[in-house]
Amino acid sequence: MTAVSDPTANATAPDLLDLPPLTAAHFARIEDKVAALMHTRCDVVAMQGEALLPLEACIRSAVRPGSTALNIITGPYGETFGGWLRSCGAEVVTVTAPFTGAVDPRQVAEALREHPEIDFVSLVHAEAATGNTNSVAALGRVVREHGALLMLDAVASVGAEPLLTDEWGVDLCVIGGQKAMAGPAGVSAVSVSARAWERIAANEQAPRRSYLSLLDWKERWIDGGRTALPHAPAQLEMLALEQAADRLQAEGLDAVITRHRAAAAATRAGVRALGGLAPYVVRDEDAAPAATTLRAPEGVDAREIVTAALAVDAAVPVQAAAGALAKEMIRVNHYGRAADRAVVLASLAALAGGLRALGASVDAEGAAQAAAAAWDAVAAH
């Protein structure tokens, strides 16, 4: 496999100890850089943990007992949200789309018409685990017309595809740095609209004096003008998040998004030409730019294919799906620095070698040619 270019590879490793303190002003500047990536003017809070922390904090802060929430499921994270919503005492209405595609906004509109009491909607923008992405622009219009709050998990989409938080009417938007941003997993961020703050402040069950409390951040950090940090920050993670945001800015967000789109298009085109495998997400427009999922041939365990592929090239970002999908789904992660032409071609070559080792007939050369052509087509536009 051709290594991804790393401009710091020959540099002396930085000293990660005895760093000067991270000031409130610096912390605030990092939040502002993240807000720019999210295209939001709303308050943004950087939270000291993986993105599940602000996702749970959003639900527990904004959902009160006796309320009704609409949970849109297009993958495993949507399923997780349903459990949190019920534990908050909410009645949960569920709209589920096949993992082979995206949710239809008409389904959501119908659910909202049937349940006018819905006041909270949870949605995952892109599911790296299932390889699909949803049209937040269309879904956001439907939710705004209804008047509910919209919470969006944009962990796998930020940096890989457009994220227009304010334009789409997203009230609570959560991102993480570990996928397309190629940054740290131990820090995340959430944007909170004025409407969301009002809802949270009115919820007597919203966490307070808690690691899950958004209100604590508002009262102790935002309302004071972000001049005094409420606790010692996770310094290394925050600095890494800043570096990731700066690197995206230097490359250009549009260029980063194009690179991810090209990686997805090349992977899908290459797999179709390869034979033996098929894209799990049927329509190209429903496919997430951060990761491509593949369906294993009938009667063949996807985990065996992954093992055989990794025996060819252990460095490629290929893995079996988790849980119930493990036997049928393969996942190619082309996010962050792996959204790279050489990485995509290496992944296809490894899959070809793995399938061949299992006795399948494949067209490795055709796959490479198709992938290269698809990459060039996206890059040209």
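The name given to the protein chain in an unreviewed UniProt entry is Aminotransferase class V-fold PLP-dependent enzyme, with Streptomyces mooreae as the source organism. Database annotation for the protein chain, UniProt heading Sequence similarities (unreviewed entry): "Belongs to the class-V pyridoxal-phosphate-dependent aminotransferase family." Under the Cofactor (unreviewed entry) heading, UniProt states for the protein chain: "pyridoxal 5'-phosphate".

Some details on the nonpolar core
Ranked by internal contacts, the top residues of the largest apolar core, which has 83 residues, are Ile59, Leu70, Phe120, Val121, Leu163, Ile175 and Met181. In contact with isoleucine 175, other than residues within four places in its own chain, are Val34, Met38, Ala51, Ala154, Val155, Val158, Leu163, Met181, Ser188 and Ala189. Counting 29 residues, the second-largest nonpolar core is a separate cluster that includes Ala263, Leu274, Leu277 and Trp375.

Focus on the pattern of salt bridges
If you walk through the whole model with that rule in mind, you get 17 salt bridges. Through salt bridges with shared partners, a single ionic network connects Glu31, Asp32 and Arg226.

Comments concerning the UniProt feature "domain: Aminotransferase class V" (unreviewed entry) in the protein chain
Taken from the UniProt record, the annotation "domain: Aminotransferase class V" (unreviewed entry) applies to residues 86-307. The span residues 86-307 is 39% helical and 18% strand by assignment, and the distance between its end C-alpha atoms comes to 38 Å.

Observations regarding the sheet that holds strand S8 (residues 172-176)
Spatial ordering of the open sheet is given by S1-S9-S8-S7-S4-S2-S3, a layout of 7 strands whose pairing is mixed. In this open sheet, the two strands that pair with only one neighbour each are strand S1 (43-47) and strand S3 (91-96). Across the sheet, the mean angle from the axis of one strand to that of its neighbour is 15°, orientation sign disregarded. The pairing of S1 with strand S9 (residues 188-192) spans 5 bridges and is antiparallel.

Definitions and cut-offs
- Residues numbered from 1 in each chain as written.
- Predicted model: local features only at pLDDT ≥ 70, side-chain atom pairs only at ≥ 80, totals over all residues.
- Heavy atoms only, no water.
- UniProt positions renumbered as here; feature names shortened; annotations may be inferred.
- Core = buried A, V, L, I, M, F, W, Y, C linked by side-chain atoms within 4.5 Å.
- Buried < 20%, exposed > 50% of the residue type's maximum accessible area, 1.4 Å probe, protein only.
- Contact = heavy atoms within 4.5 Å.
- Salt bridge = Lys/Arg side-chain N within 4 Å of Asp/Glu carboxyl O.
- Helix = DSSP H or I, 4+ residues; strand = E, 2+ residues; numbered from the N terminus.
- Pairing = 2+ DSSP bridges.
- Axes fitted to C-alpha atoms, helices over the stretch in contact; angles between N-to-C directions.

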